[in-house]
Amino acid sequence: MNKEAILYIVVPCYNEEEVLKETTKRLSEKLNSLIKKKMISKKSKVMYVNDGSKDKTWNLIKDISEKEKNFTGISLSRNRGHQNALLGGLMTAKKYADVVISMDADLQDDIDAIDEMLDKYYDGCDIVYGVRSTRKKDTFFKRFTAESFYKLMKALGVDCVYNHADYRLTSKRVLDNLENFKEVNLFLRGIFPLIGYKSDIVYYERNERFAGESKYPLKKMLHFAWDGITSFSIKPLRLVTTTGFIILMISICIMVYSLIRKLTGNTVDGWTFLSISIWFIGGLQMISIGIIGEYIGKIYNETKERPRFIISENLNKDNEKNIS
Ligand code: UDP
Ligand code: MG
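These figures come from a predicted structure and were not determined experimentally.

Scanning the protein chain for helices and strands turns up 10 helices and seven strands. Its C-alpha atoms give the protein chain a radius of gyration of 26 Å, more than 25% over the compact-globule value 20 Å for 324 residues. Residue burial in the protein chain is summarised as follows: out of 324 residues, 44% are buried. Taken as two groups, the 50 positive and 41 negative side-chain charges of the protein chain have centres that lie 2 Å from each other.

Here the focus is the side chain of Thr24. Looking at where Thr24 falls in the secondary structure, it is placed in helix H1 (residues 20–36). Residues contacting Thr24, with those up to four places away along its chain left out, are Tyr48, Ile64, Glu68 and Phe71.

Turning our eyes to something else, we now look at the coordination of the magnesium ion (ligand 2). Protein ligation of the magnesium ion (ligand 2) involves Asp106 (OD) and Gln108 (OE1), the donor distances falling in the range 1.9 Å. Accessibility classification places Asp106 together with Gln108 in one group, the buried group.

Right, let's get into the side chain of Asn50. Tracing the backbone shows Asn50 in strand E2 (residues 45–50). Separated by 2.7 Å, the side chains of Asn50 and Ser53 make a polar contact. When sequence neighbours within four positions are dropped, the list of residues in contact with Asn50 reads Cys13, Thr57, Trp58, Ile61, Ile74, Ser75 and Leu76.

This part covers the site of ligand 1. Within the structure, ligand 1 sits among 19 residues, and Glu16, Asp51, Asp106, Ser214 and Lys215 are positioned closest to it. In this structure, Glu16 approaches ligand 1 through a side-chain N or O atom, which is 2.6 Å from an oxygen atom. A distance of 3.0 Å separates an oxygen atom of ligand 1 from a polar side-chain atom of Arg206. Coverage of ligand 1 by the protein amounts to 94% of the 530 Å² it exposes when considered alone.

Moving on, we come to the nonpolar core. Judged by nonpolar contacts, the single largest core of 39 residues is most densely connected at Leu90, Val100, Leu178, Ile191, Phe192 and Ile195. Among the elements of the structure, strand E1 (7–13), E2, helix H3 (82–93), strand E5 (127–132), helix H5 (140–155), helix H6 (172–178), helix H7 (188–195) and helix H8 (218–232) are those that each provide at least two residues to this core. No other element matches the five residues that H3 contributes to this core. Residues within four places of Leu178 in sequence aside, it is in contact with Leu87, Leu90, Met91, Leu188, Ile191, Phe192 and Ile195. Formed by 36 residues, the second largest nonpolar core is a distinct cluster that contains Val19, Leu34, Met39 and Ile111.

A cluster of like positive charges, contributed by Lys54, Arg78, Arg80 and Lys220, occupies part of the molecular surface. According to the relative accessible area criterion, Arg78 is exposed, its value standing at 54%.

What follows concerns the pattern of salt bridges. Overall, the coordinates contain 15 salt bridges when judged by the stated rule. A salt bridge links Asp176 to Lys94, with the shortest nitrogen-to-oxygen separation between them at 2.8 Å. On the criterion of sequence distance, the pair formed by Asp176 in helix H6 and Lys94 in the loop between H3 and strand E4 (99–102) is long-range, its members being 82 residues apart. For Asp176, a relative accessible area of 29% gives the class partly exposed. Salt bridges sharing common partners tie together Lys30, Lys37, Asp112 and Asp115.

Our next topic: helix H2 (residues 57–67). Listed as buried for H2 are Thr57, Ile61 and Ile64. Down the axis of H2, the sector holding all buried residues measures 65 degrees, keeping them to one side. In H2, the exposed positions angled more than 90 degrees off the buried face are occupied by Glu66 and Lys67.

Let us now look at the packing of H5 against H8. It is the contact of H5 with H8, at a shortest axis distance of 11 Å, that shows an interaxial angle of 10 degrees. Relative to H8, the element H5 is oriented roughly parallel. Residues Phe141, Lys142, Thr145, Phe149, Leu152 and Met153 of H5 form the contact with H8, whose participating residues are Leu218, Met221, Ala225, Gly228 and Ile229. Split by residue class, the contact of H5 with H8 holds eight nonpolar, two polar and one charged.

Time to look at the packing of aromatic side chains. Here the structure, examined in full by the defined rule, presents 12 aromatic pairs. Ring centres 6.1 Å apart and planes at 75 degrees place the aromatic pair Phe149 and Phe187 in the edge-to-face group. Remark: Phe187 occurs in the loop between H6 and H7 and Phe149 occurs in helix H5; sequence separation between them is 38 residues. As far as the burial class goes, Phe149 and Phe187 line up, both buried. Feature note: the residues Phe149, Tyr150, Tyr162, Phe187, Tyr216, Phe224 and Phe232 constitute an aromatic cluster, connected by ring pairs. One residue, Arg261, lies across the ring of Trp271, its end atom 5.5 Å from the ring centre.

Of note in the backbone geometry, Tyr197 takes a positive phi value of approximately 70 degrees without being a glycine. Relative to the assigned elements, Tyr197 resides in the loop between H7 and strand E7 (199–204). Positive phi values are uncommon outside glycine, yet Glu305 reaches one of about 45 degrees. By secondary structure assignment, the location of Glu305 is in the segment after helix H10 (271–304). By relative accessible area, which is 58% here, Glu305 ends up exposed.

Rules used throughout
- Residues numbered from 1 in each chain as written.
- Chains lettered and ligands numbered in written order.
- Predicted model: local features only at pLDDT ≥ 70, side-chain atom pairs only at ≥ 80, totals over all residues.
- Heavy atoms only, no water.
- Helix = DSSP H or I, 4+ residues; strand = E, 2+ residues; numbered from the N terminus.
- Rg over C-alpha atoms; globule rule 2.2 N^0.38 Å.
- Buried < 20%, exposed > 50% of the residue type's maximum accessible area, 1.4 Å probe, protein only.
- Lys, Arg positive; Asp, Glu negative; His and termini not counted.
- Charge placed at Lys NZ, Arg CZ, Asp CG, Glu CD.
- Contact = heavy atoms within 4.5 Å.
- Donors = N, O, S within 2.8 Å, 3.2 Å for Na, K, Ca; no water.
- Polar contact = N/O pair within 3.5 Å; in protein donor to acceptor, adjacent residues only side chain to side chain.
- Near = heavy atom within 4 Å.
- Areas by Shrake-Rupley, 256 points an atom, 1.4 Å probe, with all protein chains shown as cover.
- Core = buried A, V, L, I, M, F, W, Y, C linked by side-chain atoms within 4.5 Å.
- Patch = residues over 30% accessible without salt bridge, like charges linked within 9 Å, V, L, I, M, F, W, Y side chains within 5 Å.
- Salt bridge = Lys/Arg side-chain N within 4 Å of Asp/Glu carboxyl O.
- Arc of directions from axis to C-beta.
- Axes fitted to C-alpha atoms, helices over the stretch in contact; angles between N-to-C directions.
- Parallel < 35°, antiparallel > 145°, perpendicular 65-115°, else oblique.
- Nonpolar A, V, L, I, M, F, W, Y, C, P; charged D, E, K, R; others polar.
- Phe/Tyr/Trp six-rings, centres within 6.5 Å; stacked < 30°, edge-to-face > 60°.
- Lys NZ or Arg CZ within 6 Å of the ring centre and 35° of its normal.

Functional significance is not addressed by these values, which are geometric in nature.
This is the structure:
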């Protein structure tokens with residue numbers, strides 16, 4: 001592994017004019033100290049990704065990249081949301097870098113964790129996940145909803161790193177593989193564990209936003225969580241089939257109950273037939289929808305065309321035969 005790798009720090013920015021100056025100052029200090037310690041190459045840069053901001057963010061980024069040699073930027077044609085902006089940044093940065101770290105513009109994630117991330121990279125890790133050790137500084141609501149979400153994802157069988165957002169280090173080869181995940185509904189933190197390779201975790205404390213407001217209002221957060229669940233799990237579809245079976249079981253109980261009522265002469269005409277029919281047909285319909293859902297789930301997975309395997313090492317040094 002080459003020491004002094006070229007590091008790119010990718011930072012998506014949406015209406016972040018209030019934080020950019022301070023962020024640039026802090027990241028510049030960090031980069032310089034890492035260059036001085038010979039942990040990264042002098043060619044390392046911070047790459048801001050303007051996600052169709054409506055304020056002066058892009059002008060600021062242009063100013064900064066003119067004045068500071070270790071800063072650069074790209075701009076998306078319109079606002080596409082955090083995940084798409086991040087992907088755009090990662091795919092651009094990998095053309096110039098050996099290793100890329102992604103983080104938010106508000107520096108809520110402790111930038112001092114970068115040193116440890118790089119150490120792990122030089123020890124042979126391809127992905128290093130930044131994980132929040134505590135969420136003391138988040139509001140109770142944010143903490144509760146976020147933690148419940150991670151637990152729900154786990155229950156749905158999605159491989160997700162607990163309390164890890166999008167603060168992570170990835171090597172170039174991981175990003176080359178990420179390019180092969182063609183899905184449009186992006187939930188990046190679910191894709192990286194699928195890519196595999198050696199990975200590790202670095203813990204840090206999450207701070208408060210030092211300026212500006214959260215660009216993730218509740219509506220966007222719920223949308224994002226729903227994307228995460230529906231892009232990685234077809235268990236909700238299975239739930240329909242299970243419910244169908246449960247209703248069918250109930251219909252058997254109803255059948256017995258209705259027949260007893262009928263035999264003891266405690267009913268009006270037609271009631272037995274109706275009550276049995278409603279429950280039985282209901283259960284049957286749900287099971288049928290579940291079965292259709294099962295196929296839709298399969299079609300869904302096929303359309304994503306995710307890679308079926310990724311080879312991390314090949315010991316065979318012979319030349320490949322070109323079959324024509
Ligand atoms: N962001 C973005 N596009 C959007 C919304 C947010 O690029 O449509 C960026 C934002 O500028 C920030 C990061 O995503 O760098 C995380 O947003 P924020 O800090 O507001 O989220 P929170 O920390 O409150 O979850
Ligand atoms: Mg934030």
